[in-house]
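One letter stands for each residue in the lines below.
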Amino acid sequence: MIRLLGLSAVLGTTGLSMLLARAPWFRQPNLAARLRVHTPGLPDRRPRILGARSFRDALGPAAEHVGGWAARAVGINEDLSTRLERLHRGATPTQFRIAQLGHAVLGLLGAGALAAVLGMPGGLTLLLIFATSTLSLLVDEQRLAIASQRWKRDLAIELPMVEEQMAMLLDAGWSLGGSLQRIADRSSGPASQDIARLLRSVRRGNTYRDALREWTVIADVPAVGRLAAILSLAEQGADLGRLVSDEAQLGREERHRELLAAVERKGQQVWIPVTVAALVPGCMLLSLPFLRALSFFAS
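Keep in mind that what you see is a predicted model, and the values were worked out from it rather than measured.

### Regarding the overall build of the protein chain
1) Next: A tally of regular secondary structure across the protein chain gives eleven helices and zero strands.
2) Next: Put simply, the protein chain has 299 residues, and 29% of those count as buried.
3) Next: Within the protein chain, contacts between residues separated by at least 24 positions form 61% of all contacts whose residues are at least 6 apart in sequence.
4) Next: By element, 65% of the accessible surface of the protein chain is carried by carbon and sulfur atoms, the whole surface being about 20100 Å².

As structure tokens, then:
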């Protein structure tokens, strides 16, 4: 008993000392802290034990590992930063993974509370908690993948119209940079947003060739790669207006073929319920004589 009291006193004294050391009125400030009062512009480089940055730095690697596992589980191997950049989201991959992990933790807590309210057994509770948290991870990953695919589809649909506008501006005497800036200012679609990002990359010091190559990698759309290859010929004095117009016509033909293929698939899908509706009653009618014959021979 005496040893227990002594140990409790030591631990209590240590904890109280650590708490008092955090109080500004108790601890003795060091030389840097005393000089910082007289130099307002000096940045505060004191180590922070608890804070948003330290929490993010500590949790980021674990969140990225868990999020990477969720992406591979649903068959996604594309880099997360590329998908976020494609969708023009300001979040970094670490921020997205931490938010994804937070949703999983919320799902875990919700499943635990539900299991406690319903009085589920231990094995079923663990299964529910694991399934809920895993589903939360997969849902966030799948939503990002669906948004990325939708963006690529909308970009491919909008690109021929943008190319036609670009061809008219180039034929009217506009420069490549001027035509791209006008398209970026007059629209808010996927292609216009990508062109605005391309122009920002050029203003940061990159060449048009490098910016167009970066756009090709991020967009991951074949039509964007062809347009980037055409615009890269601007330094060689090529007739960009005619080339871009031909590319716009090619893009419209591709969209037309895809539309016809989608209509054909829809038409084939219509016949599935009709065929089932016709076969089921026919099979029932054909089975009646067969069953009657079996009963006749059985008797």
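### Here's the deal with the pattern of salt bridges
1) Next: Throughout the structure, instances matching the rule amount to 15 salt bridges.
2) Next: Across the salt bridge formed by arginine 197 and glutamate 85, the nearest N and O atoms sit 3.9 Å from each other. You can see arginine 197 sitting in helix H8 (residues 190-203) and its partner glutamate 85 sitting in helix H4 (residues 80-86), a full 112 residues away along the chain.
3) Next: Classification of glutamate 85 by relative accessible area gives partly exposed; the value is 33%.
4) Next: One network of salt bridges, with partners in common, ties together Arg226, Glu247, Glu254, Arg255 and Glu258.

### Some words on the environment of glutamate 158
1) Next: With respect to the helices and strands, the residue glutamate 158 is situated in helix H6 (residues 122-171).
2) Next: Relative accessible area serves as the criterion here: at 12%, glutamate 158 is assigned to the buried category.
3) Next: C-alpha separation for the pair glutamate 158 and serine 192, spaced 34 residues apart in sequence, amounts to 9.1 Å.
4) Next: Beyond its immediate stretch of four places on either side in the chain, glutamate 158 contacts Ser187, Gly189, Pro190, Ala191 and Ser192.

### Overview of a nonpolar patch on the surface
1) Next: A cluster of nonpolar side chains, Val105, Leu106, Leu108 and Leu109, forms an exposed patch at the surface whose accessible area comes to about 360 Å².
2) Next: Assignment of secondary structure puts leucine 106 in helix H5 (residues 93-118).
3) Next: Residue leucine 106 is classed as exposed on the basis of its relative accessible area of 57%.

### Observations concerning the confidence of the model for the protein chain
1) Next: Of the residues in the protein chain, 80% reach a pLDDT of 70 or more, and the chain-wide mean stands at 79.
2) Next: Of all secondary-structure elements in the protein chain, the lowest mean pLDDT belongs to helix H1 (residues 2-21), at 59, while H8 reaches the highest, 92.

### As for the packing of H6 against helix H7 (residues 176-186)
1) Next: In contact at an axis separation of 9 Å, H6 and H7 are set at 135° when each is read in the N-to-C sense. Classified by the angle between their axes, H6 and H7 sit oblique to one another. By crossing handedness, the relation of H6 to H7 is classed as right-handed. For the pair H6 and H7, contact is made by Val162, Gln165, Met166, Leu169 and Leu170 and by Leu176, Ser179, Leu180, Arg182 and Ile183, respectively.
2) Next: Each residue belonging to the contact of H6 with H7 can be placed in one class, and the counts come to seven nonpolar, two polar and one charged.

Analysis parameters
Residues numbered from 1 in each chain as written. Predicted model: local features only at pLDDT ≥ 70, side-chain atom pairs only at ≥ 80, totals over all residues. Heavy atoms only, no water. Helix = DSSP H or I, 4+ residues; strand = E, 2+ residues; numbered from the N terminus. Buried < 20%, exposed > 50% of the residue type's maximum accessible area, 1.4 Å probe, protein only. Contact = heavy atoms within 4.5 Å. Areas by Shrake-Rupley, 256 points an atom, 1.4 Å probe, with all protein chains shown as cover. Salt bridge = Lys/Arg side-chain N within 4 Å of Asp/Glu carboxyl O. Patch = residues over 30% accessible without salt bridge, like charges linked within 9 Å, V, L, I, M, F, W, Y side chains within 5 Å. pLDDT = per-residue confidence, 0-100. Axes fitted to C-alpha atoms, helices over the stretch in contact; angles between N-to-C directions. Parallel < 35°, antiparallel > 145°, perpendicular 65-115°, else oblique. Left-handed = near helix turned anticlockwise from the far one by under 90°. Nonpolar A, V, L, I, M, F, W, Y, C, P; charged D, E, K, R; others polar.

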